[in-house]
Amino acid sequence: MRVRIPTPLRSYTGGDKVVDAAGGTVDEVLLDLDRQFPGLRFRVVDEQGRLRTHMKVFVAQESVRDLSTPVNGLEEITLMQALSGG
Amino acid sequence: MLLVGTRKGLWTLTPDAARHAWHVEGPQFLGHIVSHAVADPRDPDVILLGVSTGHLGPTVMRSTDRARTFVEASKPPAFTAGDPLERSLRTVFWLTPGHPDEPGCWYAGGSPQGLFRTEDAGDTWSPVNGWNDHENWALWAEWPAENTPDGSMLHSVIVDPRDANHLYLGLSGGGVFESTDGGNDWHPLNDGCEAEFLPTDDPSFGHDPHTVRMHPAMPDRLYQQNHCGIYRLDRPSTKWQRIGDNMPRDVGDIGFPIELHPRDPDTAWVFPMDGTDVWPRTSPDGRPAVYVTRDAGSTWARLDEGLPGRGWLTVKRQAMTVDDADPLGVFFGTTGGEVWGSPDEGASWTNLAAHLPEIYSVEWAPA
């Protein structure tokens, strides 16, 4: 599936705005992203497995914070920084 | 050169041979919060940065070519996954190079008030479990309360040059603590320090040290700029003396940084800020000055030649430093984005840079 990458994380993806990743849940997709782009996941998810306060994940246009949210059957999810962190 | 960490990136200031003209370069990591930028005295090519952004988690950036290029730590500082207190690190706030006998070792202090260690010059980091998991940690660190505007910070990690296992650290919400066994066990060291904001008289912890320094040539002597004054401790005593009582009453002894002369244990500089009323933290009476003691705190002298006659300056705890010249250069950076320097131990000051973002740290990187 496609993952849209926000500007603060594109230093990890070589500038790519959209990358491919695999996984059945948001968490699995983030782990796959971290395999491809080492260090990316810890900037988004803390050491207790929680989505960081000022980061957002959109699944089917809904903002989700539960990383176990399933993404099967979806073509794309979006990582985004929140306005609150600006 | 000076390493200037700001809320929006890293700048460097490099002097000419006479240290009169300064070349300002930057930013690197534009937009990143650079809490601390520190050079390794054991290897002048190595520089570490504690960084984060408004959105992203904290990390460490490492240079092995004197700040020309940086790479990210492959395993940044972090609390332990599954931590019973569910802590997650927000900021790598403070960096201290380790003992000369342990090249590659550094300590990092964080917010929340955790302690972390690397043994490979900053590439991979581990929690110091003896501190983070100490049975008294939550009590000493007043967890989960966070007592400073950006969260409580662990700072002023000090390694005794005589003994790599002898460590001190400061908690902005908690006080000064000491370990004599490499960080496995710790005890408070706050006797004699005021804590006017606490309800109990003479508590053993809970204090708010702003910066703690050990004299490199006289490691039994420590100085402290605390929320409640300036102190000195000469070991083996365990009771701090409030040397700030000797500051002029109309200036007071509140501030964030304190810097020591590397060769003279009796000389220290502070940047007093107004701690009265609602705690403005700006130059008392709007008249900026540095103060120096040359007799271990018995007397203090005002140093303001060249500083603005009227100004409301704030200098954060890591934003003051000295170089290694003779006479010594002294420098500070303000939250208003100005860097000021003195080539003559504070007798006179000039502005070295302006219009930078809010300055968090100013540190000297030796050649």
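You'll find the structure just up there.
Conventions adopted
Residues numbered from 1 in each chain as written. Chains lettered and ligands numbered in written order. Predicted model: local features only at pLDDT ≥ 70, side-chain atom pairs only at ≥ 80, totals over all residues. Heavy atoms only, no water. Helix = DSSP H or I, 4+ residues; strand = E, 2+ residues; numbered from the N terminus. Rg over C-alpha atoms; globule rule 2.2 N^0.38 Å. Contact = heavy atoms within 4.5 Å. Areas by Shrake-Rupley, 256 points an atom, 1.4 Å probe, with all protein chains shown as cover. Lys, Arg positive; Asp, Glu negative; His and termini not counted. Charge placed at Lys NZ, Arg CZ, Asp CG, Glu CD. Polar contact = N/O pair within 3.5 Å; in protein donor to acceptor, adjacent residues only side chain to side chain. Salt bridge = Lys/Arg side-chain N within 4 Å of Asp/Glu carboxyl O. Buried < 20%, exposed > 50% of the residue type's maximum accessible area, 1.4 Å probe, protein only. Patch = residues over 30% accessible without salt bridge, like charges linked within 9 Å, V, L, I, M, F, W, Y side chains within 5 Å. 1 Å grid on protein atoms, 1.4 Å probe; cavity = no way out; pocket = protein on both sides within 12 Å on 5 of 7 lines; lining within 4 Å. Points joined across faces, edges and corners; volume = space filled by probe spheres on them. Nonpolar A, V, L, I, M, F, W, Y, C, P; charged D, E, K, R; others polar. Pairing = 2+ DSSP bridges. Axes fitted to C-alpha atoms, helices over the stretch in contact; angles between N-to-C directions. Buried area = accessible area lost by both parts, 1.4 Å probe.

Caption draft 1: Seen up close, the overall build of chain A. When its secondary structure is counted, chain A shows 2 helices and 5 strands. Along the chain direction, N to C, the helices and strands of chain A fall in the order β-β-α-α-β-β-β. The C-alpha radius of gyration of chain A comes to 12 Å, within 12% of the 12 Å expected for a compact globule of 86 residues. The principal-axis extent of the C-alpha atoms belonging to chain A is close to 30 × 25 × 25 Å. Excluding contacts between residues fewer than 6 apart, the proportion of contacts in chain A whose partners are at least 24 apart in sequence is 47%. Taken as a whole, chain A presents about 4,300 Å² of accessible surface, with 49% of it coming from carbon and sulfur. Counting 11 positive and 12 negative side-chain charges, chain A places the averaged centre of each group 7 Å from the other.

Caption draft 2: Representation of the side chain of Thr-267 of chain B within the structure. Residues and elements named next belong to chain B. If you trace the backbone, Thr-267 turns up in the loop between strand S19 (255-260) and strand S20 (268-272). A polar contact of 2.7 Å, which involves the side chain of Thr-267, links it to the side chain of Asp-264. Apart from residues lying up to four places away in sequence, Thr-267 is in contact with Tyr-223, Glu-259, Leu-260, His-261, Val-292, Thr-293 and Arg-294.

Caption draft 3: Inspection of the pattern of salt bridges at higher detail. Residue and element names in this part refer to chain B. Enumeration over the complete set of coordinates arrives at 26 salt bridges over all chains. Salt-bridge contacts for Glu-178 lead to Arg-235; the nearest nitrogen and oxygen are separated by 3.0 Å. Pair noted here: Glu-178 is in strand S14 (residues 175-179) and Arg-235 is in the loop between strand S18 (229-234) and S19, with a separation of 57 residues, a long-range link. There is no split in this pair, since Glu-178 and Arg-235 are both buried. Linked by salt bridges that have partners in common, Arg-221, Arg-232, Asp-234 and Asp-266 make up one network.

Caption draft 4: Broad picture of a negative patch on the surface. Taken together, the side chains of Asp-191, Glu-194, Glu-196, Asp-201 and Asp-202 of chain B make up a negatively charged region of the molecular surface. In this structure, Asp-202 of chain B sits in the loop between strand S15 (187-188) and strand S16 (209-215).

Caption draft 5: Broad picture of unusual backbone geometry. A cis amide bond links Gly-26 of chain B with the next residue in sequence, Pro-27 of chain B, at an omega value of 0°. Mapped onto the elements, Pro-27 of chain B comes out in strand S3 (residues 22-28). Cis peptide bonds are those with omega within 30 degrees of zero, and the linkage from Ser-111 of chain B to Pro-112 of chain B qualifies with -5°. The topology assignment puts Pro-112 of chain B in the loop between strand S9 (106-111) and strand S10 (115-118). The phi dihedral of Ala-60 of chain A falls on the positive side, at around 50°, and the residue is not glycine.

Caption draft 6: Highlighting the environment of Ala-296 of chain B. Residues and elements named next belong to chain B. Inspection of the secondary structure assignment puts Ala-296 in the loop between strand S21 (290-293) and strand S22 (301-303). Along the backbone, Ala-296 and Asp-266 are 30 residues apart, and their C-alpha atoms lie at a distance of 4.1 Å. Those residues within four positions of Ala-296 in sequence are excluded, and the remaining contacts are Arg-221, Tyr-223, Arg-232, Ile-243 and Asp-266.

Caption draft 7: Molecular detail of the layout of surface pockets. All names here are of chain B. Here the second largest pocket defines a volume of roughly 1,100 Å³. Lining the second largest pocket we find 35 residues, and of these Pro-41, Pro-97, Arg-213, Met-214 and Pro-216 sit closest to its centre. Residue assignment for the lining of the second largest pocket shows that the elements contributing at least two residues are strand S4 (33-40), strand S8 (91-97), strand S12 (154-159), S16, S19, strand S23 (320-322) and strand S27 (359-364). Split by residue class, the lining of the second largest pocket holds 19 nonpolar, 8 polar and 8 charged.

Caption draft 8: A look at the sheet that holds S9 of chain B. All names here are of chain B. Strand order in the open sheet formed by 4 strands is S8-S9-S10-S11, with antiparallel pairing between adjacent strands. In this open sheet, the two strands that pair with only one neighbour each are S8 and strand S11 (125-127). Shown here is a sheet whose adjacent strand axes are inclined to one another by a mean of 30°, direction ignored. Pairing between S10 and S11: 3 bridges, direction antiparallel. By the bridge assignment for S11, Thr-118 is matched with Trp-125.

Caption draft 9: Inspection of the interface of chain A and chain B at higher detail. Residue-level contacts link 16 residues of chain A with 21 residues of chain B. Regarding the contact of chain A and chain B, the summed buried area is about 1,400 Å², with carbon and sulfur atoms giving 50% of it. It is Arg-43, Glu-47 and Gln-48 of chain A in chain A that bury the most area against chain B; as a group they hold 45% of the surface buried on that side. Linking chain A with chain B are 0 salt bridges, by the criterion used here. Run the count over chain A and chain B and you get 12 residue pairs in polar contact (both at pLDDT 80 or more). Residues belonging to the side of chain A that touches chain B are distributed by class as follows: 6 nonpolar, 5 polar and 5 charged.

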